[in-house]
Amino acid sequence: MTSTSPKPSPAAEPCPARPADDGTVHDWPVDHLPALEFDPLLHRLLKDEPVARIRMRFGEGHAWLVTRYEDVKLVAADPRLSRALTVNRPVTSMTPHVVAPAGGIGRTDPPDHTRLRRLVAQTFGRKRVAALRSRAQELAEQMTDRMAQQGPPADLTECLTGPFPAQLIGDLLGVPERDLDRLQSWRGVILSSNHSQEESEAVKREIAGYFRELARHRADHPDDDLYSALVAAQVEGELSLPELVSLAVMLVLNGMDAVRNQVSNMVYALLTHPDQLARLRAHPSLLPQAVEELLRYIPHRNGVGLPRIATEDLKVGETTIRSGEVVYVSYLAANRDFTVFKDPDRLDLGRDEAPNLSFGHGTHYCVGALLTRMEAEVMLSTLLNRFPGLRLAVGEEEMRWRRGSINRGPEALPVTW
């Protein structure tokens, strides 16, 4: 099978960037892109205009978009850029609604953000993730056993990459298995750019009501799970009920959707890069490094994440961003920065130039990064060990990819062995 690497970016070395403050605003519809194709606007801005003005389909006005690796790190770690100030402001956006709830961990600043993060950080720390690994391995083996018994072909999103993270995050939060399908249906609406704001808000109310009811149950019947611990903290006054609910929703959405798509994309990338797959099979100890390179290489989402608001004037590169202006960063673009990564559009499992920024940087670095890495390693190693002949069951041109969604990934991943 031939490789489907995207066309290399047009620049092989740094070049002078065009001044962004000449008034140019780029309309960015965030179109559907096939397979793992990289967004052409991000490629162009990396080369010519690393701090640029953009306008997306929804919201009002325009925003700055920062794309180069060092600039992205600078912005993401700068306390003069606020997430909290985005609440109730109709910022230009790729979706008609804001996925992250107001007052949730994604839209707060220190000290509130520090307080909320501390409540969940221990659960996602190195020791807890290591302890979860045996349960993850058990799940992966059960699911691949069922695949083998049913025989090829199989849809990997139905057999492994979808149910595995859903079950694991359900175990972690203490969500009854019977409720996982309901959470999956809510996830599909909230993370969509194709539903109206009214539809999305209605679903948000439903999922918030579910976790409020679960909180009442856990207050009376605590268990050994993260949500019971968070409910106890809420009862003690360490966080409010809306904060408790927003944490649960964030953990479910990321745990179910992001991991499903990231690992599906990783499998697809390996199966369409046979030289890299053979390299990994020959050197299994390369797996952690391979996961890092796959995280860097794969454009796992459409558009950009949450914006920030400048609280005072600041310089990013040669551009002055004024107080009150909206700023986005693109971690995807930073991962393809040709000033940091040699031949950045090539998948190279031996790459080690710099850490990828797939989980963000600074205060809002993803609290579940270690868990996601562990899940990816367990699913990939189990698949490769169990199915030495694993390959796509359809041609690359027959693959169907998700449309109208924040996270990118295949609708189905048909494989055989």
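This text follows the structure it describes.
Scoring rules and cut-offs
- Residues numbered from 1 in each chain as written.
- Predicted model: local features only at pLDDT ≥ 70, side-chain atom pairs only at ≥ 80, totals over all residues.
- Heavy atoms only, no water.
- Pairing = 2+ DSSP bridges.
- Helix = DSSP H or I, 4+ residues; strand = E, 2+ residues; numbered from the N terminus.
- Axes fitted to C-alpha atoms, helices over the stretch in contact; angles between N-to-C directions.
- Parallel < 35°, antiparallel > 145°, perpendicular 65-115°, else oblique.
- Left-handed = near helix turned anticlockwise from the far one by under 90°.
- Contact = heavy atoms within 4.5 Å.
- Buried < 20%, exposed > 50% of the residue type's maximum accessible area, 1.4 Å probe, protein only.

A few words now on the sheet that holds strand β10 (residues 391-392). Overall, antiparallel pairing links the three strands, which are arranged β5-β11-β10 in an open sheet. On the outer flanks of this sheet lie β5 (154-155) and β10, each paired with one strand and no other. When β10 meets strand β11 (residues 414-416), the two strands line up antiparallel, connected through two bridges. Residue arginine 391 lies in a different strand from β11, and its bridge partner there is threonine 416.

Moving on, we get to the packing of helix α12 (residues 287-297) against helix α14 (residues 369-386). Contact geometry for α12 and α14: axes closest at 10 Å, N-to-C directions at 115 degrees. With respect to α14, the element α12 is oriented roughly perpendicular. In the crossing of α12 with α14, the sense of the turn from one axis to the other is right-handed. The residues of α14 that touch α12, namely those facing Leu287, Pro288, Val291, Glu292, Leu294 and Leu295, are Arg373, Ala376, Glu377, Leu380 and Ser381.

Each neighbour pair has its own omega, and for proline 110 with proline 111 the value is 10 degrees, a cis peptide bond. With respect to the secondary-structure elements, proline 111 resides in the loop between β4 (81-82) and α3 (112-121). With an omega of -5 degrees, the peptide bond running from proline 152 to proline 153 counts as cis. Inspection of the secondary structure assignment puts proline 153 in the loop between α4 (126-150) and β5. The backbone of asparagine 88 sits at a positive phi, close to 65 degrees, despite the residue not being glycine. Take asparagine 88: it is sitting in the loop between β4 and α3. Exposure remark for asparagine 88: the relative accessible area of 77% places this residue in the exposed category. At aspartate 343, a residue that is not glycine, the phi angle is positive and equals roughly 50 degrees. With respect to the helices and strands, aspartate 343 occurs in the loop between α13 (331-334) and α14.

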